[in-house]
Amino acid sequence: MLLLFLLLAALPALHAQTGQQVLLVVNGSDAVSSQIGDYYRPRRSVPLKNVCTLHSGAGEEITWERYVVQIERPIAACLEKNGLREKILYIVLAMGVPLKIQGGGAKMTAEYGSVDSELTLLYSKMKGAAIGRAGSVPNPFFMKRDAPFLHPQFPIYLVTRLAAYDLAGVKAMIDRSLAARNRGKFVIDLSSPANGDGNNWLRTAALLLPRERVILDATTNVLYDQKDVIGYASWGSNDGNRKRRWLGFQWLPGGIATEFVSTNARTLKRPPDDWTLTTYEDRQHFFAGSPQSLSADLIQEGATGASGNTYEPFLTGCARPDYLLPAYYQGRNLAESYYLALPYLSWQGVVLGDPLCSLGKP
């Protein structure tokens, strides 16, 4: 009986993923991208054969043709050459790899999307699946709270990005991921009563977490200047009462965030220091084509992970905090926690952070 108990206690550790399951992708045309790869690889013991170097040129936005020729096909070749197609579970893109794909169409039939979200389907494509460019694809891992993420049960890769405003910011993100511990507060900030579905997801997230570790605000106030933050979810700049660009949080190592914002991953470039949130009427003060808050600001402020969207995802396409935060609290790694919460692939989602970052069990 004692032996059985010890074996059962060891099961979570047996399923813990390591750098052996990570494909690290760097843009060899970008010096910072290569430096990020060199910093990350030894810290997560990623084998050299698991490093894939692209030459995708500069610029955040690329055409579909460039995506296929310069990103998708070379990554597939790396996986095949080194016999990694089945072994790799996570693809992590070093800053400098293009961010988003141009495309026509409107609403849910659009061809545009994030490079990261499109790459999740590479596993299925390598197995012969034909997937159209237009519109989204249901995420087979969405809401699978209790299922281990394995191939071929889930025929996708989980793609995250090591990115911030500069090399120092990415190194700090990686260092924080290695220091993550299961402590601190989950800060959940609702918006106006009219935001029904999103507010319901936020409330459910709070109910699924230990009451003593949740700060929940359902008023018109905005939660600023919180301390010991390990998780955060809100409406971001879509909360009409939010006026400050910076939340003023004290983030713990391993802290993650998600906001219901349409274009918060529209760019990873640093805004001017005096830029702040504004309105759609104030076009003169847009940054990168929008007045909305930025996911990279959360990383700059001290978060270890954050999700965002390159173009309009619609509320139903945003990461769901009622799946994200409980999964992360219960010990899922960063990549699995975010992808449990994303309904669609081949869409707009971007996940910033080290895929292996984990708080461990409560």
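My aim in this report is to walk through the structure given alongside it, one point at a time.

**A word on the overall build of the chain**
Across its full length, the chain holds 10 helices and 15 strands. Over its C-alpha trace the chain gives a radius of gyration of 19 Å, about what one expects of a compact globule, namely 21 Å for 362 residues. Considering only C-alpha atoms, the chain reaches an extent of 60 × 55 × 35 Å along its principal axes. Counting the 362 residues in the chain, one finds 57% classified as buried. Intrachain contacts of the chain at a sequence separation of at least 6 include 76% that bridge at least 24 residues. For the chain, the accessible surface area stands at approximately 14700 Å², while carbon and sulfur atoms represent 55% of it. Of note, the chain has its 37 positive side-chain charges centred 6 Å away from the centre of its 32 negative side-chain charges.

**A word on unusual backbone geometry**
A cis amide bond, omega 0 degrees, links H151 with the succeeding residue P152. Looking at where P152 falls in the secondary structure, it is placed in the loop between strand 7 (137-138) and strand 8 (158-162). Not every positive phi belongs to a glycine, and D228 is a case in point at roughly 55 degrees. Mapped onto the elements, D228 comes out in the loop between strand 10 (214-217) and strand 11 (229-234). Residue classification places D228 among the partly exposed positions, given a relative accessible area of 35%.

**A few points about the packing of aromatic side chains**
What describes a pair of aromatic rings is the distance from one ring centre to the other and the angle between the planes of the rings. Summed over all chains, the structure comprises 16 aromatic pairs. Ring geometry for W64 against Y67: centres 5.7 Å apart, planes inclined by 85 degrees, an arrangement best described as edge-to-face. Here W64 and its partner Y67 are both found in helix 3 (residues 64-81), three residues apart, which amounts to about one turn of the helix. Looking at W64, the relative accessible area reads 6%, which means it is buried.

**As for the environment of P210**
By secondary structure assignment, the location of P210 is in the loop between helix 7 (196-207) and strand 10. Owing to a relative accessible area of 15%, P210 belongs among the buried residues under this scheme. As for P210 and P326, which are separated by 116 residues in sequence, their C-alpha atoms are 9.3 Å apart.

**Structural notes on the pairing of strand 8**
Of all the five residues making up strand 8, five are buried; the element is thus mostly covered by neighbouring parts of the structure. Residues L158, T160 and L162 line one face of strand 8 and the alternating positions V159 and R161 line the opposite face, and both faces are buried. Here five bridges tie strand 4 (residues 90-94) to strand 8, and the two strands are oriented parallel to one another. Each bridged residue has a counterpart across the sheet, and for I91 the counterpart in strand 8 is V159.

**Some words on the layout of surface pockets**
A probe as big as a water molecule, rolled over the atoms, marks out the empty space that is left. Size it by volume and the second largest pocket reaches roughly 310 Å³. Lining the second largest pocket we find 20 residues, and of these D30, E60, M95, G96 and K269 sit closest to its centre. Class assignment of the residues belonging to the lining of the second largest pocket gives a composition of 10 nonpolar, five polar and five charged.

Thresholds, definitions, all that
Numbers given for residues are sequential positions, taken from 1 along each chain in its written order. Only residues with pLDDT of at least 70 are given local features in this predicted model, and only at 80 or more are side-chain atom pairs given and counted; all residues enter the totals for whole chains, interfaces and linings. The side-chain quantities take in all heavy atoms of the structure and omit both hydrogens and water. Helix numbers and strand numbers start at the N terminus; a helix is a DSSP run of H or I with at least 4 residues, a strand a run of E with at least 2. In this setup the radius of gyration rests on C-alpha atoms only. A globule is expected at 2.2 Å times the number of residues raised to 0.38. Exposure categories follow from relative accessible area, calculated using a 1.4 Å probe and restricted to protein chains: below 20% of the type maximum is buried, above 50% is exposed, and the middle band is partly exposed. Throughout, a contact is declared for two residues whenever any of their heavy atoms are within 4.5 Å. Note on areas: Shrake-Rupley, 1.4 Å probe, and residue coverage restricted to the protein chains presented here. Only four residue types enter the charge count, namely Lys and Arg as positive and Asp and Glu as negative; His and the chain termini do not. Charge positions come from single atoms, namely NZ of Lys, CZ of Arg, CG of Asp or CD of Glu. Aromatic rings from Phe, Tyr and Trp, taking only the six-membered ring of Trp, are treated as a pair when their centres fall within 6.5 Å; an angle between ring planes under 30 degrees marks them as stacked, one over 60 as edge-to-face, and anything in between as tilted. Strands are labelled as partners when DSSP assigns at least two bridges between them. Here a cavity means grid points, on a 1 Å grid over the protein atoms only, where a 1.4 Å probe fits yet cannot get out; a pocket means an open set of points with protein on both sides within 12 Å along at least five of seven lines; lining residues are those with an atom within 4 Å of a point. Grid points are joined across faces, edges and corners, and a volume is the space filled by probe spheres set on the points. Put simply, Ala, Val, Leu, Ile, Met, Phe, Trp, Tyr, Cys and Pro go in the nonpolar bin, Asp, Glu, Lys and Arg in the charged bin, and everything else, Gly too, in the polar bin.

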